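Now for the letters of each chain:
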Amino acid sequence: QVQLVESGGGLVQPGGSLRLSCAASGSIRTFDVMGWYRQAPGEQRELVAFILSGGTTNYADAVKARFTISRDNAKNTVYLQMNSLKPEDTAVYYCTMNVIRRGSNSLEAYWGPGTQVTVSS
């Protein structure tokens, strides 16, 4: 089994910064794409950013130039640096990774439980 755990969420004032981390543990052979989603109250879950195994990144228009996604495969970790935060960034942030487990040839998607980010003065 593979488990993902996010950290780094919290309360921040508008214009502030937070760095989210998501670490994977378990019997992992290799990773494919890693990403971050968010879900605000009463809204659908939406893609924030993703990063491919080769390092190519993609961002939602709402966070471009403010958020940066990165990964450290050696540490089984994906990060989301969030700058110039706005109240509309308030949401629960979820990480997701596509993983091939040891002894398997199948790509499986795993999700973390989520971490709350609140942007408010």
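Residues numbered from 1 in each chain as written. Predicted model: local features only at pLDDT ≥ 70, side-chain atom pairs only at ≥ 80, totals over all residues. Heavy atoms only, no water.

Student: What should I look at first to understand the overall build of the protein chain in this one?
Tutor: A count of helical and extended segments in the protein chain gives zero helices and 11 strands. Scanning the protein chain from its N terminus toward the C terminus, one meets helices and strands in the order β-β-β-β-β-β-β-β-β-β-β. Rg of the C-alpha trace for the protein chain: 14 Å, near the compact-globule value of 14 Å for 121 residues, within the 12% margin. Taking all 121 residues of the protein chain together, the buried fraction comes to 40%. Across the protein chain, the fraction of contacts at a sequence separation of at least 24, relative to all contacts at a separation of at least 6, is 57%. A total accessible area of about 6300 Å² is found for the protein chain, and carbon and sulfur atoms account for 45% of it. For the protein chain, the distance from the average position of its 11 positive side-chain charges to the average position of its 9 negative side-chain charges is 7 Å. (Helix = DSSP H or I, 4+ residues; strand = E, 2+ residues; numbered from the N terminus. Rg over C-alpha atoms; globule rule 2.2 N^0.38 Å. Buried < 20%, exposed > 50% of the residue type's maximum accessible area, 1.4 Å probe, protein only. Contact = heavy atoms within 4.5 Å. Areas by Shrake-Rupley, 256 points an atom, 1.4 Å probe, with all protein chains shown as cover. Lys, Arg positive; Asp, Glu negative; His and termini not counted. Charge placed at Lys NZ, Arg CZ, Asp CG, Glu CD.)

Student: I keep staring at the packing of aromatic side chains and nothing clicks. Help me out?
Tutor: Remark: the centre distance and the inter-plane angle together describe each pair of aromatic rings, the angle taken between the planes. Taken as a whole, this structure holds one aromatic pair when the rule is applied. One Lys or Arg, Arg19, reaches over the ring of Tyr79 and ends 4.0 Å from the middle of that ring. One residue, Arg45, lies across the ring of Trp111, its end atom 5.0 Å from the ring centre. (Phe/Tyr/Trp six-rings, centres within 6.5 Å; stacked < 30°, edge-to-face > 60°. Lys NZ or Arg CZ within 6 Å of the ring centre and 35° of its normal.)

Student: Help me understand the sheet that holds strand β8 (residues 77-82) in this model?
Tutor: Neighbouring strands of a sheet are bound in pairs by backbone hydrogen bonds; such pairs are parallel or else antiparallel. Read across the sheet, four strands follow the order β1-β3-β8-β7 without closing on themselves; strand pairing throughout is antiparallel. Taken across any chain shown, the strands that pair with only one partner, and hence form the sheet edges, are β1 (2-7) and β7 (67-72). Neighbour-to-neighbour, the strand axes of the sheet open up by a mean angle of 15°, direction not taken into account. Judged from the six bridges that link them, β7 and β8 form a sheet pairing that is antiparallel. Its bridge partner lying in β8, Ile69 is registered against Leu80. (Pairing = 2+ DSSP bridges. Axes fitted to C-alpha atoms, helices over the stretch in contact; angles between N-to-C directions.)

Student: Would you mind showing me how to read the nonpolar core here?
Tutor: Burial of nonpolar side chains together is a common tendency in soluble globular proteins. If you look at the biggest cluster of nonpolar residues, it comprises 30 residues, and the most contacted ones within it are Trp36, Val78, Leu80, Met82, Tyr93 and Met97. Of the residues forming this core, the biggest block, five residues, is contributed by strand β9 (residues 91-101). (Core = buried A, V, L, I, M, F, W, Y, C linked by side-chain atoms within 4.5 Å.)

Student: Honestly, unusual backbone geometry in this entry has me stumped. Any pointers?
Tutor: Trans peptide bonds make up the majority, and among non-glycine residues the majority have a negative phi. Phi is positive for Ala65, close to 75°, though the residue is something other than glycine. Position of Ala65 among the secondary structure elements: in the loop between β6 (57-59) and β7. Even without a glycine there, the phi angle at Ser84 is positive, about 50°. With respect to the element layout, Ser84 can be found in the loop between β8 and β9. Look at Ser84 and you get partly exposed, because its relative accessible area is 42%.

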